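# Working through the structure, step by step
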Amino acid sequence: MISIGPFHRGEGSLAAMEDHKLRYAHALLSRTTPLGANKLEECVAYMGRIEDEARKCYSEPIVLDSDEFVEMMVIDGLFIIELFRKSAGDVKIERDDPIFNNIWGLSSLVRDLVLLENQLPMVVLNCLFDVPALKDELHGVSISSLCLKFFDPLMPRGKEVIQTSFSGCDGKHLLDLLGKTFHDLPQLKGGKVKKNSWKFIPSVTELKRAGVKFVKGSTYGSFLDIKFKDGVMEIPPVIVQDQTDTLLRNFIASEQCCDGHVTYMTSYAFFMDSLINSGDDVGVLRKEGIITNYLGDDEDVANLFNKLCCEVTLANFYYSELCEQVNTYYKTRWHVWRATLKRDYFNSPWAIVSFVGAIILLVLTLTSTLFAILSFTIHKS
């Protein structure tokens, strides 16, 4: 629907949005421009200072000349700022706005803005926030907080979580910023990720037959914060909807472009791929409140996770130690026997009554037999 940055610039099918970007940029500048001053030139001048730095953020040479490149950065940056502020309710939305007054416009835009090839360097957005002409208008807000509010519907966490925990985060671009708010957790800071290989674990239904319990984790942290202890796997809830596939794929793609040390999203995808083999596995997690399925069919969710890791390389598996604990528990026969006993003989009150009755009958039979033997022995002696 929209092109941000140089990679899709000039494509015919995206040309319609160029007028809307100019309209948003003009609206932002018109609220901050005193009479007789051209604040657009001031934005261009500030952007010119970081042109070389911005160009180096892209993996491929940019064929635009200096004026075209700076113009693109300014217009795209102003558009994003105005878009985010309208979405946050800081700016009034006009009745004829084609993005917010369309049932599919905003959702399509959100999806496009998480595409890896559709990112704007964070240095560009930070530069615009430093322009004196915009400081009064943008006072009290940050690009980080605006970004997280805008993308929150993709993976809702609540306003209080965003405001208290992630308002000071930074990233290379918006997608990187959003990803860091999920894996830059306190328990993950202060140390390097070890080189751990991927370890397979049985599916949800197999683990459940071995006595593993699945419980819903905290809603205030990250969906990556999975724990396992004493046969209980605690998995934070996750909402699976139409845009979840796009979000996770671009998180993974972003990690694949790095040096391979940060692979939290990729590790999560591999871990969930192991846990989920079919709709039955999804059904178990859904009943426990771990997965909220907005796709409709549990098989669709299973297919989503099973296809995420196709042709993806995993250098460091974040859940390696956790998987070792799970496999150790699963291979312990006593856990399997206990789970089988509970499932087959203690799965309902009537089954328990029948089992207890059978035990009592067996005890009475053994007691009767014992007394008969003792009576015969005493009588014979």
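Because the structure is predicted, anything quoted here is derived from the model rather than measured.

Parameters at a glance
Residues numbered from 1 in each chain as written. Predicted model: local features only at pLDDT ≥ 70, side-chain atom pairs only at ≥ 80, totals over all residues. Heavy atoms only, no water. Helix = DSSP H or I, 4+ residues; strand = E, 2+ residues; numbered from the N terminus. Buried < 20%, exposed > 50% of the residue type's maximum accessible area, 1.4 Å probe, protein only. Contact = heavy atoms within 4.5 Å. Patch = residues over 30% accessible without salt bridge, like charges linked within 9 Å, V, L, I, M, F, W, Y side chains within 5 Å. Areas by Shrake-Rupley, 256 points an atom, 1.4 Å probe, with all protein chains shown as cover. Salt bridge = Lys/Arg side-chain N within 4 Å of Asp/Glu carboxyl O. Axes fitted to C-alpha atoms, helices over the stretch in contact; angles between N-to-C directions. Left-handed = near helix turned anticlockwise from the far one by under 90°. Nonpolar A, V, L, I, M, F, W, Y, C, P; charged D, E, K, R; others polar. Pairing = 2+ DSSP bridges. Core = buried A, V, L, I, M, F, W, Y, C linked by side-chain atoms within 4.5 Å. Phe/Tyr/Trp six-rings, centres within 6.5 Å; stacked < 30°, edge-to-face > 60°.

### A word on the overall build of the chain
Counting its regular elements, the chain contains 18 helices and five strands. Counting across all 381 residues of the chain, residues that qualify as buried make up 45%. When contacts within the chain are restricted to residue pairs at least 6 apart in sequence, those whose partners lie at least 24 apart make up 71%.

### Considerations on helix α1 (residues 16-32)
Met17, Lys21, Tyr24, Ala25, Ala27, Leu28, Leu29 and Thr32 are the residues of α1 that are buried. Where α1 is buried, its residues contact α2 (39-49), α4 (66-88), α5 (105-112) and α7 (132-135).

### Focus on the side chain of threonine 246
Looking at where threonine 246 falls in the secondary structure, it is placed in helix α12 (residues 244-256). Residue class for threonine 246 comes out buried when judged on its relative accessible area of 18%. Discounting residues that sit within four places of it in the chain, threonine 246 has contacts with Arg111, Val114 and Leu115.

### Examining α5
Among the residues making up α5, those that are buried are Gly105, Ser108, Leu109, Val110 and Asp112. Contacts made by the buried residues of α5 are with α1, α4 and α8 (143-151).

### A look at a nonpolar patch on the surface
Side chains of Leu370, Phe371, Leu374 and Ile378 sit close together on the surface and give an oily, nonpolar patch of about 430 Å² of accessible area. In this structure isoleucine 378 comes out as exposed when scored by relative accessible area, which is 60%.

### Topic: the packing of α2 against α4
The geometry of α2 relative to α4 is characterised by a closest axis approach of 9 Å and an angle of 115° between their N-to-C directions. Between α2 and α4 lies a crossing whose hand is right-handed. Contact residues: Leu40, Cys43, Val44, Met47 and Gly48 in α2; Val70, Met73 and Val74 in α4. Of the residues contributing to the contact of α2 with α4, the split by class is seven nonpolar, one polar and no charged.

### Looking at the pairing of strand β3 (residues 232-235)
Going residue by residue along β3, you find Met233 and Ile235 tucked away on one face and Val232 and Glu234 left uncovered on the opposite face. Bridge analysis of strand β1 (residues 213-216) against β3 gives four bridges, and the strand direction is parallel. When the sheet's bridge partners are listed, lysine 216 is paired in β3 with isoleucine 235. Sheet topology places strand β2 (residues 227-229) next to β3; three bridges connect them, and they run antiparallel. Its bridge partner being in β3, phenylalanine 228 is matched across the sheet by methionine 233. Here β2 hands over to β3 after two residues, with aspartate 230 in that stretch at a positive phi of 50°.

### Things to note about the nonpolar core
One finds Phe84, Phe151, Met233, Phe271 and Leu275 to be the most contacted residues of the largest nonpolar core, which totals 102 residues. At twelve residues, α4 tops the list of elements feeding residues into this core. Excluding residues within four positions of it along the chain, methionine 233 makes contact with Leu207, Val212, Lys213, Phe214, Val215, Ile226, Lys227, Phe228, Phe271, Leu275 and Val326.

### Here we look at the packing of aromatic side chains
Within this structure, the stated rule accounts for 13 aromatic pairs. Taking the centre distance of 5.5 Å and the plane angle of 85° together, the rings of phenylalanine 7 and tyrosine 58 count as edge-to-face. One end of the pair, phenylalanine 7, is in the segment before α1; the other, tyrosine 58, is in the loop between α3 (51-55) and α4, with 51 residues separating them in the sequence. Phenylalanine 7 gets classed as partly exposed once you look at its relative accessible area, which sits at 33%. Judged by its relative accessible area of 10%, tyrosine 58 falls in the buried class. Geometrically, the ring pair formed by tyrosine 318 and tyrosine 319 is edge-to-face, given 5.0 Å between the ring centres and 70° between the ring planes. Taken together, Tyr264, Phe271, Phe317, Tyr318 and Tyr319 form an aromatic cluster joined through their ring pairs.

Remember, this is a structural readout, not a statement about activity or role.
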